[in-house]
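Commentary on secondary and tertiary structure
In case you want the letters, here they are:
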Amino acid sequence: MSLKNTYAAALYEGTFSVGLDKKFNRISRDDKPAKGALKISLNPFLISTPDRKFLFDCGIGVFGEDTGPHVIRENLEAHDLTEFDITDVVCSHLHYDHIGGLAHKENGYWELTFPEAKIWVSKKSWEKVMNKEVYYDEEKTEFVSFIDAKADLHFLDAEDEAYPELKVEKIGGHTEFHQVLLFNDGENKFMQAGDVIATRSQVNRKFAAKYDFDPKTSQQQRERLAKLAFDEGYIILGYHDDSTPIIKLTGYDDKTGYTTEAIDSYVPA
């Protein structure tokens, strides 16, 4: 895709059945979720450039079933990388299935999973989390307090540019300060919209989700971002897609919507 050897890859963490208890219980990609539960896959995305190694969200880490730092390490090893090679982790929002991979207790105490990385988060979203007495539960409260104290945190405004090729924009919807992450180096374009466009099927769906902070805004942003991806050639990265997490939009019809094409989870230049 590029003479600069830039590519995107889905670092599949697992597929889970998530019930009202909000526990992520691992299932096969082909299995159905438990009754009354959602089926969700987790796909942190590696954006590799000659100069930087980005993660767009970083998985659930120790807070899921059979997950932890070993999963991301194995995924990175497939790209001849280690956790020390990650230069930047960019977070679409602060739900723990998107940021839980930032730290772990592999040796009995909290440690940063990506010791050399800058962590990019929405300033207002982080302030909101840190002002809470409890972030989900006691262990996760410990976790975010550790990140706040030890990680190399960098705070993003509603519209911000972390690097010339990396921009974020507050879109709201799923959470109050939810962000879309936009990578554009002039040749390669990637869009990760967190849980606003979480799967391939959502590109053409009109729905209001009870799990959204503002369902109407989510739908409006899905439509706007899909049009942006189509008009400007962004490849969409679907964080919760269980089969085709990387897609491009190849056509549009007034009746049927966008035509989508799956791209291999590893996209070399």
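Summarised in this report is the structure supplied together with it. (Residues numbered from 1 in each chain as written. Predicted model: local features only at pLDDT ≥ 70, side-chain atom pairs only at ≥ 80, totals over all residues. Heavy atoms only, no water.)

1. Concerning the sheet that holds strand E2 (residues 14-18)
- Strand order in this open sheet of 3 strands is E3-E2-E4, and the pairing throughout is antiparallel. This sheet does not close on itself; its edge strands, each paired only once, are strand E3 (24-27) and strand E4 (38-42). Across this sheet, the average inter-strand angle for adjacent strands is 40°, counted without regard to direction.
- Of the pairings in the sheet, the one linking E2 to E4 comprises 5 bridges and is antiparallel in character. (Pairing = 2+ DSSP bridges. Helix = DSSP H or I, 4+ residues; strand = E, 2+ residues; numbered from the N terminus. Axes fitted to C-alpha atoms, helices over the stretch in contact; angles between N-to-C directions.)

2. With respect to the side chain of Thr15
- For Thr15, the location among the structural elements is in strand E2.
- Within the structure, Thr15 has its side chain in polar contact with the side chain of Ser41 (distance 2.6 Å).
- Look past the residues within four positions of Thr15 in its chain and what remains in contact with it is Asn25, Arg26, Ile27, Ser28, Arg29, Lys39, Ile40, Ser41 and Asp242. (Polar contact = N/O pair within 3.5 Å; in protein donor to acceptor, adjacent residues only side chain to side chain. Contact = heavy atoms within 4.5 Å.)

3. Some thoughts on helix H3 (residues 123-130)
- When H3 is considered as a whole, its buried residues turn out to be Ser125, Trp126 and Val129. Burial along H3 is one-sided: seen end-on, the buried residues are contained in an arc of 95°. (Buried < 20%, exposed > 50% of the residue type's maximum accessible area, 1.4 Å probe, protein only. Arc of directions from axis to C-beta.)

4. Concerning the nonpolar core
- Ranked by size, the top nonpolar core spans 59 residues in total, and within it Phe56, Val89, Phe114, Ile119, Phe143, Ile147 and Leu237 carry the most contacts.
- The residues touching Phe143, leaving out its near neighbours within four places in the chain, are Phe63, Ile99, Gly100, Leu102, Ala103, Trp110 and Tyr135.
- In this structure, Leu225, Ala226, Ile247 and Tyr258 belong to the second largest nonpolar core, which totals 17 residues. (Core = buried A, V, L, I, M, F, W, Y, C linked by side-chain atoms within 4.5 Å.)

5. Considering the pairing of strand E17 (residues 246-253)
- Of the strand pairs in this sheet, strand E16 (residues 235-237) and E17 are connected by 2 bridges, and their pairing is antiparallel. Looking at E17, one finds that Leu237 is bridged to Ile246.
- With 6 bridges connecting them, E17 and strand E18 (residues 257-262) associate as antiparallel partners. In the sheet register, Ile247 faces E18, and the bridge partner there is Ala262.
- In this antiparallel pair of consecutive strands, E17 and E18, the connection spans 3 residues.

6. Some thoughts on helix H1 (residues 69-77)
- Every buried residue of H1 is listed here: Pro69, Val71, Ile72, Asn75 and Leu76. Down the axis, H1 shows its buried residues gathered within 160° of arc, on one side only. Of the exposed residues in H1, the ones pointing more than 90 degrees away from its buried face are Glu74 and Glu77.
- Contact partners of the buried residues in H1: strand E8 (103-104).

7. Structural notes on the packing of H3 against helix H4 (residues 138-150)
- Between H3 and H4, whose axes approach to 11 Å, the crossing angle comes to 130°. Put simply, H3 runs oblique to H4. Note on packing geometry: the crossing formed by H3 with H4 is left-handed. From H3, Trp126, Val129 and Met130 reach across to H4, where they touch Val144, Ser145, Ile147 and Asp148.
- Considered class by class, the residues forming the contact of H3 with H4 number 5 nonpolar, 1 polar and 1 charged. (Parallel < 35°, antiparallel > 145°, perpendicular 65-115°, else oblique. Left-handed = near helix turned anticlockwise from the far one by under 90°. Nonpolar A, V, L, I, M, F, W, Y, C, P; charged D, E, K, R; others polar.)

8. Regarding the sheet that holds strand E14 (residues 179-184)
- Ordered in space as E12-E13-E14-E15-E16-E17-E18, the 7 strands form an open sheet in which the pairing is mixed. Each edge of the sheet is formed by a strand with only one pairing partner; in this case those strands are strand E12 (159-163) and E18. Ignoring which end each strand starts from, the neighbouring axes of this sheet average 30° apart.
- Contacts from helix H5 (residues 215-232) reach strand E13 (166-170), E14, strand E15 (189-192), E16, E17 and E18 within the one sheet, and its direction differs from that of E17 by about 90°.

9. Things to note about the side chain of Lys140
- With respect to the helices, strands and loops of the structure, Lys140 is situated in helix H4.
- Filtering out sequence-adjacent residues up to four positions away, Lys140 remains in contact with Phe63, Tyr96 and Tyr135.

Fair warning: the whole summary comes from geometry, so function is off the table for now.
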